[in-house]
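Listed below are the residues making up each chain.
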Amino acid sequence: MKQFESFINAIPKLISVIPSTLLLFLGIIGVGIVLGMLLAWVRLKGNTVGNVLVNIYISFIRGTPLLIQILIVYFGLRAIAVNGFGNQNATRWPAALFVFIAYSLNLGAFLCETFRSAYTSVDFGQVEAGMSINMKNSQIFWHIIFPQAARIALPNMSNLLIDDYKALSLAFSIGFIDIMGRGEGLAGLTKGVGAVGIYLAVAALYWLVCKGLDIVFRRVEWGLSKDIRVAQAAVAHQTS
Amino acid sequence: MSSLIEVRGIKKAFGDLAVLRGVDLDINKGEVLAILGPSGSGKTTFLRTINFLGPANEGTIRIGDIQVDCKQATKKEIYGLRKKTAMVFQNYNLFKNKTVLQNVMEGLVLVQKMDKKEARERSIETLNKVGLGERLDYYPSQMSGGQQQRASIARALVLNPEVILFDEPTSALDPELVGEVLQVMKEVAETGITMMVVTHEIGFAHDVATNVVFMDGGRVVEQGRPTDVIDHPQNERTQQFLGKLSA
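Notes on the structure follow. This structure is a prediction, so every number in the text was calculated from the model and none was measured.

### Overview of the overall build of chain A
Within chain A, the regular secondary structure consists of 10 helices and zero strands. Order of helices (α) and strands (β) in chain A, N terminus to C terminus: α-α-α-α-α-α-α-α-α-α. Against the globule reference of 18 Å for 240 residues, chain A gives a C-alpha radius of gyration of 22 Å, more extended than a compact globule. Once the C-alpha set of chain A is aligned to its principal axes, its extents read approximately 70 × 60 × 25 Å. A buried classification covers 42% of the 240 residues belonging to chain A. As displayed, chain A has an accessible area near 12600 Å², and 69% of this comes from carbon and sulfur atoms. When the 18 basic and 11 acidic side-chain charges of chain A are each reduced to a single mean position, those positions are 6 Å apart.

### Some thoughts on the sheet that holds strand β5 (residues 66-69) of chain B
Sheets are built from strands that pair by backbone hydrogen bonding, the pairs being arranged parallel or antiparallel. Residue and element names in this part refer to chain B. Spatial strand order, β2-β1-β4-β5: four strands in an open sheet with antiparallel pairing. Every other strand in the sheet has two partners, leaving β2 (17-27) and β5 as the edge strands with one partner each. Pairwise comparison of adjacent strand axes, ignoring direction, gives a mean angle of 15° for this sheet. Relative to β5, strand β4 (residues 58-63) runs antiparallel, the two sharing four bridges. Bridged to Arg 62 within β5 is Gln 67.

### Regarding unusual backbone geometry
Residue and element names in this part refer to chain B. Of note, the phi angle at Tyr 92 is positive, near 65°, even though the residue is not glycine. In this structure, Tyr 92 sits in the loop between β6 (85-88) and α3 (100-111). Overall, Tyr 92 belongs to the buried group, its relative accessible area being 12%. In this structure, Glu 168 is a non-glycine residue whose phi angle is positive, near 40°. Inspection of the secondary structure puts Glu 168 in the loop between β7 (163-167) and α6 (175-190). On the basis of relative accessible area, Glu 168 is assigned to the buried category, the value being 12%.

### Regarding the interface of chain B and chain A
Taken together, the contacts link 26 residues of chain B with 20 residues of chain A. Counting each side, the surface lost to burial between chain B and chain A is near 2100 Å², with a carbon and sulfur contribution of 57%. Notably, a salt bridge pairs Asp 123 of chain A with Lys 96 of chain B, separated by 2.8 Å at the nearest N-O pair. At the junction of chain B with chain A, the criterion picks out eight residue pairs in polar contact (both at pLDDT 80 or more). Mapped by element, the contributors of at least two residues to the side of chain B that touches chain A are α2 (75-84), β6 and α3 of chain B. Partitioned by chemical class, the residues of the side of chain B that touches chain A number 11 nonpolar, seven polar and eight charged.

About the cut-offs
Residues numbered from 1 in each chain as written. Chains lettered and ligands numbered in written order. Predicted model: local features only at pLDDT ≥ 70, side-chain atom pairs only at ≥ 80, totals over all residues. Heavy atoms only, no water. Helix = DSSP H or I, 4+ residues; strand = E, 2+ residues; numbered from the N terminus. Rg over C-alpha atoms; globule rule 2.2 N^0.38 Å. Buried < 20%, exposed > 50% of the residue type's maximum accessible area, 1.4 Å probe, protein only. Areas by Shrake-Rupley, 256 points an atom, 1.4 Å probe, with all protein chains shown as cover. Lys, Arg positive; Asp, Glu negative; His and termini not counted. Charge placed at Lys NZ, Arg CZ, Asp CG, Glu CD. Pairing = 2+ DSSP bridges. Axes fitted to C-alpha atoms, helices over the stretch in contact; angles between N-to-C directions. Contact = heavy atoms within 4.5 Å. Buried area = accessible area lost by both parts, 1.4 Å probe. Salt bridge = Lys/Arg side-chain N within 4 Å of Asp/Glu carboxyl O. Polar contact = N/O pair within 3.5 Å; in protein donor to acceptor, adjacent residues only side chain to side chain. Nonpolar A, V, L, I, M, F, W, Y, C, P; charged D, E, K, R; others polar.

Next up, the structure:
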């Protein structure tokens, strides 16, 4: 009963951190996607030097734990600001800022590979068709390739983003308070009594947010895949 | 009379492999030129040099008032050539995320900056001509190969180019569907538009083309009226090739 009570009591307190973390997360998604597209563009169209640099960057991000990356960004940027630029205020910069930077850099590297493979899976014949009718490269990209590549990238991207939202719990290590951080705080206050109830509440809320994200991503995917849907419907009709 | 298209000394190599060894051709306005030849003779490669999808290493191409030296073609010149041409591909290459109507409208709206309403009307009119007036809102994946190829002919036709380049337009099709595409091509030919058609359809070349060239080893080895080249080939390679087809 004690656990149930702490579960119920924790819910509103935990919910209170969700809007700000979601907002931050939206920012991370935005910058991550732009960065991922830029990196993918270098990998696809860039010269050897660009490719080597991007490859090193991606292998570093993929080959090291996110927690380390958070700590490097946090302590690294503060040290640079304080020692390099004499900015003593840097020690008071909000943890959210470092979270934003570290998570965007991380997400961009992962999305790069997702975007690159999605791009290459759109068959080149359509690009040639666009060229043959004198469409500009940018028109071919935005009107023909991007809509198809986005649809292909979306399921993978959704996975990465949902993982990333849950990974915000790691940012507790530099003092960023998301659902996990708030839960830890509450559990600390109770001196261990009712901790299970609180952690269950934390889990339930992560699950709810991720479910919500999942629904949004599915809706977007549905919107992007009208041509696929009609084709599948046609096949189903023929085989039934 | 000067020709509409004048091609001189086109050479192209992929690495060490010389695919085109100097192609010269003149094509008059309204001519339907069938380009025949065995696989590997350079037919498709040649056709793709005309609109710079696969630029030649050497040679000159003139279409109407635009003359381009392939060695030093500028973006603007390539744009100029492509404006006068349109292409129909072996694998149709329709935009998969667009409906048939959108596929046809795309060039008018994005490239020619035509008003959407007018582009729509022109596109529907053209799609009616190729017998797809009932399929406007279909996606490529919902259509047969023959229908897709007819849509891609409409996409080329609607731009009102000086010349339409056909790259083996029926080679990817079911035998049953070849006829409907050839029929549409025949109707297009009858409107007097200039066509260059790389094909293995000897019947089409014989009955519809006004001129035939036979390519072998990266060169034009024989050319003339279809009744001459196909019925009475002079060149040994042409005789061999046509002999195999009729055997």
